[in-house]
2 protein chains.
Amino acid sequence: MNILDQKRGIRREDGKVNNNIIVFGGDGFCGWPLSLALSKDGYNVTIVDNLVRRKMDIELECNSLTPISPLSVRTKAWEEITGEKIRVEYVDVSEHYHRILTLFEELKPRAVVHYAEQRAAPYSMKSSYHKRYTVNNNTNATHNILCAIVEAGLDIHLVHLGTTGVYGYGTAGMAIPEGYLKVKIDTRLGEKELDIMYPANPGSIYHLTKTQDALAFMYYNKNDKVRITDLHQGIVWGTITDETMLDERLINRFDYDGDFGTVLNRFLMQAAVGHPVTIHGTGGQTRAFIHMKDSVNCVKIAIENPPEKGERVKIFNQTTECHNIHVLAEKICKLTDAEIRYYINPRNEDVKNDLEFTNDKFLQLGLDPVILDDGLLVEVMEIANRYKHRCDESKIICTSLWDKDKVIDLKGSDKPIE
Amino acid sequence: MNILDQKRGIRREDGKVNNNIIVFGGDGFCGWPLSLALSKDGYNVTIVDNLVRRKMDIELECNSLTPISPLSVRTKAWEEITGEKIRVEYVDVSEHYHRILTLFEELKPRAVVHYAEQRAAPYSMKSSYHKRYTVNNNTNATHNILCAIVEAGLDIHLVHLGTTGVYGYGTAGMAIPEGYLKVKIDTRLGEKELDIMYPANPGSIYHLTKTQDALAFMYYNKNDKVRITDLHQGIVWGTITDETMLDERLINRFDYDGDFGTVLNRFLMQAAVGHPVTIHGTGGQTRAFIHMKDSVNCVKIAIENPPEKGERVKIFNQTTECHNIHVLAEKICKLTDAEIRYYINPRNEDVKNDLEFTNDKFLQLGLDPVILDDGLLVEVMEIANRYKHRCDESKIICTSLWDKDKVIDLKGSDKPIE
């Protein structure tokens, strides 16, 4: 298979085409399908990972619903099927700074994709240990990558996965713009317009670290002219891509537990195993969503459309639609014989919110969004059905609490909980 | 000496007056004079420090101009003179989380003052090592203190020392307000007013960490109702307070080197030793200043005026005046026979800027500002004169560079450098 599209390469100073890409966290839920898609497109992919996500499964005494293969089995299977090699380097990005630097010097990657962060809000709230792990890991991982780009003296485009959650979940009567906001202020010289970063409002320690990242991006972009794209991603649903479907050894994670499971996938899997659909509070929350296939496509588009040298941090809203949680739950109950059950919300969040994001940039660059429909929902449910014997139902309820006044609700109620 | 003012104490649940205070970083330039002043006022002061600032002197092969005593000599002298004990705990606040927690549980302090951060912009820019040290130390130190307050379940008021530099050094035609800014935005429902945090614009890795701290404060205040005061302090000048003058063993640091020396103290010391007054660039920069005595007074006022439970983070501009650097240099040259010399600016910053801060809150709470006048300048110069034999002139020029295109300028020029 020779699917290298020369157009995707960029010229290095020595005249050779450079299509090296590093995916930090390339063994994870989003990182793995992306790594495969990039490899398929002809990039030379190096996965940098310390397998911490798999090790958290040990800690949480839980597992991916899907039987993910060890990383070496994954990459061997990929090579066997496609002839493409994916290199793997075991590195703790938050600690092993010098290895990041030497990898940059060796590979001179045209871009690096940064997924090497603890990515679950509930996990970040489990205890002081988890709060501290999340802050230490995420702030240092992001800073190490930025610092190494500057020390290497290379023009490496950093693509970072952020979240739509950095602004809290509320709107000020407008669709949330892509990163920046025009505001007017009163000055002695009259009204003046400023273009500011959309104000951050983190709702968990995990979200806090993403807002801290944004400041690091702003600084390194300003001081060192690092090209940075920050993707504010919605909640990912689905799990498969064309590549992960080629062979069971390439299968992607499917998290259903209270810490790492994402809401829509959890609902679908709950329906599959015959568990009530677990709504926190009233279900009045509205959230932004994106299908796994679009997540991969968006990152590919971002890689191919780097900001100009000197341009400010490019921020995309990587989300295709917003949905009310209760409406989603009802949709799934209609497709199946599942029933809704309401649990005391372990989070500090608004009982009810509106939400709307602009996502013009990806649409203009050619994204053809996968929209949530019954067919795709059934596809996810089929996967859940296939592996439901692997489910440990005791792991479904979220047991991470946002503060000491919250309680774990294992029982639930048949009525919404205000 | 019995100077305990019962009014300053607050009642614990067991009915005893609680006047315990922890000063994280209490051995440092601002921490030491504050610790003495609090002890004098009747607080039970515990200094938590890992002596890292003294150890940086070893790394930088430089020393305080003033001969500071070892910490145990300092505290013994204080007890000998005043009868008051200051307890010392050797703790790395960025690492030894559990010790912070047990100290909180033991002391139930009414307030903790957080100076345990790397505080020099040039030091934070020396190399990747220094950038990484600053990010790791400052973000983890701040987060550990916040996390321990929540885990201890105590209502501890956190007073943090920030900087006027978090907003960059420019104004939008208005005095910079105390933390928050009213802005207007256009929405579908017409113009709407928002009250946002004044947008951050960090100019060094050091400043970056202070802006990241601000987000951690916002989050812990919102989620856990922690009472937090963030002091945006100007450049401190002067070094003595009434307490540090009681005995030479109590003397405070006087940093003059290119990393830790602050601009006005450096100018005064340069005049004392016969070195040219070192202006970076043109001297068109304007900066905010505060005298050491006011720094101590402001923190005392902040401790005594905590925000209400549930009130948002209380932000003070802890600065009393703004001055243009060139004007300051000229003032010193008039007082002495010093001459100005211009050096290539090692920083990325505007050649020229206006700057103005509101500081109404401290004034309303009774601060009577120490204003820069010739008498006080001479007082600092007298200290510099007394210890000028300890100066290593090779350490005066700043050798930390903001990016790889900058050069170290040891020679300087007699003309401003645009």
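To keep things clear, this report deals only with the structure shown in the data block.

All right, on to the overall build of chain A then. The secondary structure content of chain A amounts to 12 helices and 16 strands. A globule of 418 residues ought to have a C-alpha radius of gyration of about 22 Å, and chain A, at 21 Å, matches this closely. Reported as C-alpha extents along the three principal axes, the dimensions of chain A are approximately 70 × 65 × 40 Å. Classification of the 418 residues of chain A by burial places 62% in the buried group. Restricting to contacts in chain A with at least 6 residues of sequence separation, those with at least 24 account for 81%. Just so you have it, chain A exposes about 16,000 Å², and 49% of that area is on carbon and sulfur atoms. Computed over 51 positive and 60 negative side-chain charges, the inter-centroid distance for chain A is 2 Å.

So, on to the interface of chain A and chain B. Taken together, the contacts link 54 residues of chain A with 54 residues of chain B. Summing both sides of the interface, chain A and chain B together bury roughly 4,500 Å²; the carbon and sulfur share of this comes to 55%. On the chain A side of the interface with chain B, the three residues burying the most area are Arg132(A), Lys184(A) and Tyr219(A), jointly 14% of the side's total. There are 6 salt bridges connecting chain A and chain B. Notably, a salt bridge pairs Glu191(A) with Lys184(B), separated by 3.0 Å at the nearest N-O pair.

This brings us to the sheet that holds strand E4 (residues 44-49) of chain B. Residue and element names in this part refer to chain B. If you trace the 7 strands from one edge of the open sheet to the other, you get E5-E4-E3-E6-E7-E10-E14, paired in parallel fashion. Strands at the two margins of the open sheet, each flanked by one partner only, are strand E5 (87-90) and strand E14 (314-318). Strand after strand, the sheet turns through a mean of 20° between neighbouring axes, direction not considered. Direction of pairing for E4 relative to E5: parallel, over a ladder of 4 bridges. Bridging from a neighbouring strand, Val-48 pairs with Glu-89 of E5. Those strands touched by helix H7 (residues 205-224) are strand E7 (157-163) and strand E10 (228-233), and its axis lies near 150° from that of E7.

Residues and elements named next belong to chain A. Here the structure, examined in full by the defined rule, presents 50 salt bridges over all chains. A salt bridge links Arg-227 to Asp-155; the nearest nitrogen and oxygen atoms lie 2.6 Å apart. Of this pair, Arg-227 sits in the loop between helix H7 (205-224) and strand E10 (228-233) while Asp-155 sits in the loop between helix H6 (128-152) and strand E7 (157-163), and the two are 72 residues apart along the sequence. Among the residues examined, Arg-227 registers a relative accessible area of 18% and is labelled buried. Relative accessible area serves as the criterion here: at 36%, Asp-155 is assigned to the partly exposed category. Residues joined by salt bridges that share partners form a network here, namely Arg-53, Asp-57, Arg-119, Arg-253 and Asp-255.

A few words now on the environment of Val91(B). Residue and element names in this part refer to chain B. As for its placement among the helices and strands, Val-91 is situated in the loop between E5 and helix H4 (97-107). Sequence separation between Val-91 and Asn-50 is 41 residues, and the spatial gap between their C-alpha atoms is 5.3 Å. Setting aside anything within four residues of it in sequence, one finds Val-91 in contact with Val-48, Asp-49, Asn-50, His-96, Arg-99 and Ile-100.

On to the relation of the copies chain A and chain B, then. Expressed as a screw transformation, the operator carrying chain A onto chain B has a rotation angle of 180° and an axial translation of 0.0 Å, and the superposed copies differ by an RMSD of 0.0 Å. Viewed as a symmetry operation, the transformation between the two copies matches a two-fold axis. Comparing interface residues between copies, 100% of those in chain A also lie at the interface in chain B; the contact surface is shared.

Residues and elements named next belong to chain A. Strand order in the open sheet formed by 3 strands is E11-E13-E15, and the pairing between neighbours is mixed. For this open sheet the edge positions go to strand E11 (235-237) and strand E15 (321-324), each flanked by a neighbour on one side alone. The sheet shows a mean angle of 45° between the axes of neighbouring strands, taken without regard to direction. Sheet analysis places strand E13 (residues 286-291) next to E15, joined by 4 bridges and oriented antiparallel. Each bridged residue has a counterpart across the sheet, and for Arg-287 the counterpart in E15 is His-323. Against the sheet, helix H8 (residues 263-273) touches E11 and E13, its axis set at about 35° to E11.

On to the nonpolar core, then. Counting 80 residues, the largest nonpolar core has Phe24(A), Phe104(A), Phe24(B) and Phe104(B) as the members making the most contacts within it. Elements with a minimum of two residues in this core: strand E3 (20-24), helix H4 (97-107), H6 and H7 of chain A together with strand E3 (20-24), H4, helix H6 (128-152) and H7 of chain B. Phe24(B) has contacts with Val48(B), Val93(B), Ile100(B), Phe104(B), Val112(B), Val113(B), His114(B), Tyr115(B), Ala116(B) and Ile145(B), leaving out every residue within four places of it along the chain.

Next up on the list: the side chain of His143(A). In this fold, His143(A) is placed in helix H6. Judged by its relative accessible area of 2%, His143(A) is buried. Residues within four places of His143(A) in sequence aside, it is in contact with Tyr220(A), Lys131(B), Arg132(B), Val135(B) and Ile205(B).

Our next topic: helix H2 (residues 52-60) of chain B. All names here are of chain B. Among the residues making up H2, those that are buried are Arg-53, Arg-54, Met-56, Asp-57 and Leu-60. Buried residues in H2, looked at end-on, bunch into an arc of 150°, giving them a common side. Considering only its buried residues, H2 is in contact with helix H3 (71-82), helix H5 (121-124) and H6. A positive phi of about 55° marks Glu-61, the residue just after H2.

The rules behind the values
- Residues numbered from 1 in each chain as written.
- Chains lettered and ligands numbered in written order.
- Predicted model: local features only at pLDDT ≥ 70, side-chain atom pairs only at ≥ 80, totals over all residues.
- Heavy atoms only, no water.
- Helix = DSSP H or I, 4+ residues; strand = E, 2+ residues; numbered from the N terminus.
- Rg over C-alpha atoms; globule rule 2.2 N^0.38 Å.
- Buried < 20%, exposed > 50% of the residue type's maximum accessible area, 1.4 Å probe, protein only.
- Contact = heavy atoms within 4.5 Å.
- Areas by Shrake-Rupley, 256 points an atom, 1.4 Å probe, with all protein chains shown as cover.
- Lys, Arg positive; Asp, Glu negative; His and termini not counted.
- Charge placed at Lys NZ, Arg CZ, Asp CG, Glu CD.
- Buried area = accessible area lost by both parts, 1.4 Å probe.
- Salt bridge = Lys/Arg side-chain N within 4 Å of Asp/Glu carboxyl O.
- Pairing = 2+ DSSP bridges.
- Axes fitted to C-alpha atoms, helices over the stretch in contact; angles between N-to-C directions.
- Least-squares fit on C-alpha atoms with pLDDT ≥ 70 in both.
- Core = buried A, V, L, I, M, F, W, Y, C linked by side-chain atoms within 4.5 Å.
- Arc of directions from axis to C-beta.

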